[in-house]
Amino acid sequence: MIPYGRQDIRQEDIDAVVGVLRSDFLTQGPAVLRFEQAVAAYCGARHALAVNSATSALHIACLALGLGPGDWLWTSPITFVASANCGLYCGAQVDFVDIDPRTYNLCPRALEHKLVEAERANRLPKVVVAVHLCGQPCDMEAIHALSRRFGFKVIEDASHAIGGRYKGEPVGNCRYSDITVFSFHPVKIITTAEGGMAMTNDPALAEKMALLRTHGITRDPAQMTREPDGPWYYQQIELGFNYRMTDLQAALGFSQMQRLDEYVARRHHLARRYDELLRDLPVTTPWQHPDGYSGLHLYVVRVSEARTGRPHRAVFEALRRDGIGVNLHYIPVHTQPYYQRMGFKAGQFPEAERYYAEAISLPMYATLTEAQQDEVVDALKRAIAA
């Protein structure tokens with residue numbers, strides 16, 4: 001089976017983790033700080049907060065921005081459920097904005113239209129989560145301009161996009177957002193096994209997120225309500241969580257960061273090769289906006305029965321039978337039973353649903369060989385011709 005994604009673990013990664021196992025710190029030690037500093041320096045952001053998952057990063061990002069009961073969070077329906085669930089964790093209500101049919105990201109034109117209507121109804125969002133699907137940056141300049149006009153905060157869910165660039169600058173620099181979130185799950189571009197990170201340029205947001213990831217506890221006398229009882233003293237000043245990253249994970253992440261550009265360049269080589277190999281097939285290959293340089297976490301083709309004569313599911317299942325571990329990213333969140341119980345219905349976000357009816361994620365990872373890629377393309381040809 002050729003999987004759709006996989007990690008690349010080398011001897012230097014193993015050595016880095018073993019080095020932590022032989023050190024005095026396994027959890028919150030110097031490796032976490034070193035990893036945070038490396039990612040912040042790479043992205044050009046002032047602050048980086050490592051946590052145990054991108055979902056945790058989204059949660060504390062929303063809380064730091066003051067999202068709560070009575071507020072609204074908007075995001076794309078084509079994303080993993082965490083991009084929406086983070087609003088529910090805060091007691092807020094969630095809504096969606098349909099996708100752009102070319103980039104598959106949240107559509108700025110649809111966002112503006114919905115904002116105008118929401119302003120009339122006095123239901124403007126407090127937070128918009130812009131998801132960089134497959135690693136391609138959203139139109140952040142347009143979304144940022146709308147945030148200034150309508151007064152909402154912006155989180156970039158860049159779980160797919162570390163190593164990418166927008167308008168020539170690294171994703172994660174937060175030029176057009178309040179907070180950017182990365183994921184380091186094993187199928188992502190670099191991995192810490194499980195893990196995530198929140199980037200920001202705002203020291204107050206950084207301080208708040210640092211507090212929230214560690215039970216809301218501080219040892220800083222400047223944050224306390226009174227003088228410490230002694231050097232052992234700490235105070236819980238917020239209701240926080242145990243969202244910390246370990247030194248083991250951070251050591252792996254720091255080691256992987258040294259190869260980030262190599263990984264992304266390799267993914268771009270494979271994407272260009274897919275583009276060429278699939279040129280004559282009746283499938284839609286990914287379109288890349290000229291303003292962005294994608295992290296290329298995923299390579300998604302669209303397979304429509306109208307063009308191929310074969311049902312989407314039949315092509316998907318034929319590929320799986322042929323040993324190609326394709327996947328589908330993602331099922332529209334508003335069609336999930338949990339969200340349908342809130343009142344969402346099929347047909348509300350038609351572009352997202354058209355995408356879902358056709359999307360197939362082909363294998364894409366840095367160690368995919370050209371011979372394996374040829375196998376994938378040959379299997380797709382057979383699946384369409386069957």
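Look up a bit, the structure's there.
For clarity, every value in this text was computed on a predicted model and none was experimentally measured. In every chain, residue numbers begin from 1 and rise along the written sequence. Residues qualify for local features only when their pLDDT is at least 70, as the model is predicted, and side-chain atom pairs are given and counted only at 80 or more; totals for whole chains, interfaces and linings, by contrast, use all residues. To obtain the side-chain values, all non-hydrogen atoms of the structure were included, while hydrogens and water were left out.

Peer 1: Can you walk me through the packing of helix α5 (residues 108-121) against helix α6 (residues 140-150) in this structure?
Peer 2: When two helices pack together, their arrangement is given by the angle between their axes and by how far apart the axes lie. In this analysis an axis means a line fitted to C-alpha atoms, helices contributing only their contacting stretch, and an angle means the value between N-to-C directions, from 0 to 180 degrees. Here a helix means four or more residues in a row that DSSP labels H or I, a strand means two or more in a row labelled E, and each is numbered from the N terminus. Between α5 and α6, the shortest axis-to-axis distance is 10 Å and the interhelical angle comes to 10°. Classified by the angle between their axes, α5 and α6 sit roughly parallel to one another. When α5 is examined against α6, the residues Pro 108, Leu 111, Glu 112, Leu 115, Val 116 and Glu 119 are found in contact with a partner set consisting of Ala 142, Ile 143, Leu 146, Arg 149 and Phe 150. Each angle receives one of four descriptions, namely roughly parallel if under 35 degrees, roughly antiparallel if over 145, roughly perpendicular if within 65 to 115, and oblique otherwise. The contact definition used throughout considers only heavy atoms, calling two residues in contact when any of these lie within 4.5 Å.

Peer 1: What is the right way to look at the nonpolar core in this model?
Peer 2: One recurring pattern in soluble globular proteins: nonpolar side chains tend to sit buried together. By size, the foremost hydrophobic cluster in this structure holds 77 residues, and its most contacted members are Ile 155, Tyr 274, Leu 278, Leu 319, Ile 360 and Leu 362. A total of seven residues in this core trace back to one element, the largest contributor, which is helix α3 (residues 54-64). With residues up to four places along the chain from it excluded, the contact list for Ile 155 reads Leu 58, Ala 61, Cys 62, Leu 65, Val 127, Val 128, Val 129, Ala 130, Ile 179 and Val 181. In terms of nonpolar packing, the next biggest core, distinct from the first, is built from 29 residues, Ala 31, Phe 35, Ala 161 and Val 264 among them. Residue types Ala, Val, Leu, Ile, Met, Phe, Trp, Tyr and Cys, when buried and joined through side-chain atoms within 4.5 Å, form a set referred to as a nonpolar core. The buried label goes to any residue with under 20% of its type's maximum accessible area, the exposed label to any with over 50%, and the partly exposed label to all in between, with areas taken from a 1.4 Å probe on protein chains only.

Peer 1: What should I look at first to understand helix α8 (residues 247-257) in this one?
Peer 2: Helical geometry: 3.6 residues make up each α-helical turn, so side chains three or four residues apart lie on a common side. With nine of its 11 residues buried, α8 lies for the most part within the structure. Among all positions in α8, only Asp 247, Gln 249, Ala 250, Ala 251, Leu 252, Gly 253, Ser 255, Gln 256 and Met 257 are buried.

Peer 1: Explanation requested: the sheet that holds strand β9 (residues 179-183) in the structure shown.
Peer 2: Pairing between sheet strands relies on hydrogen bonds along the backbone, with the strands arranged either parallel or antiparallel. Paired strands, as defined in this entry, are two strands with at least two bridges between them according to DSSP. If you walk across this open sheet you meet the seven strands as β2-β10-β9-β6-β5-β3-β4, and the pairing is mixed. Strands with a single pairing partner mark the edges of an open sheet, and in this sheet they are β2 (47-51) and β4 (93-96). Sheet twist, expressed as the mean angle between neighbouring strand axes with direction ignored, is 20°. Pairing analysis gives three bridges linking strand β6 (residues 153-157) to β9, with the strands arranged parallel. Bridged to Asp 157 within β9 is Val 181. Across the sheet, α6 touches β5 (127-131) and β6, and the angle it forms with β6 is around 155°.

Honestly, it's all geometry; don't read function into it.
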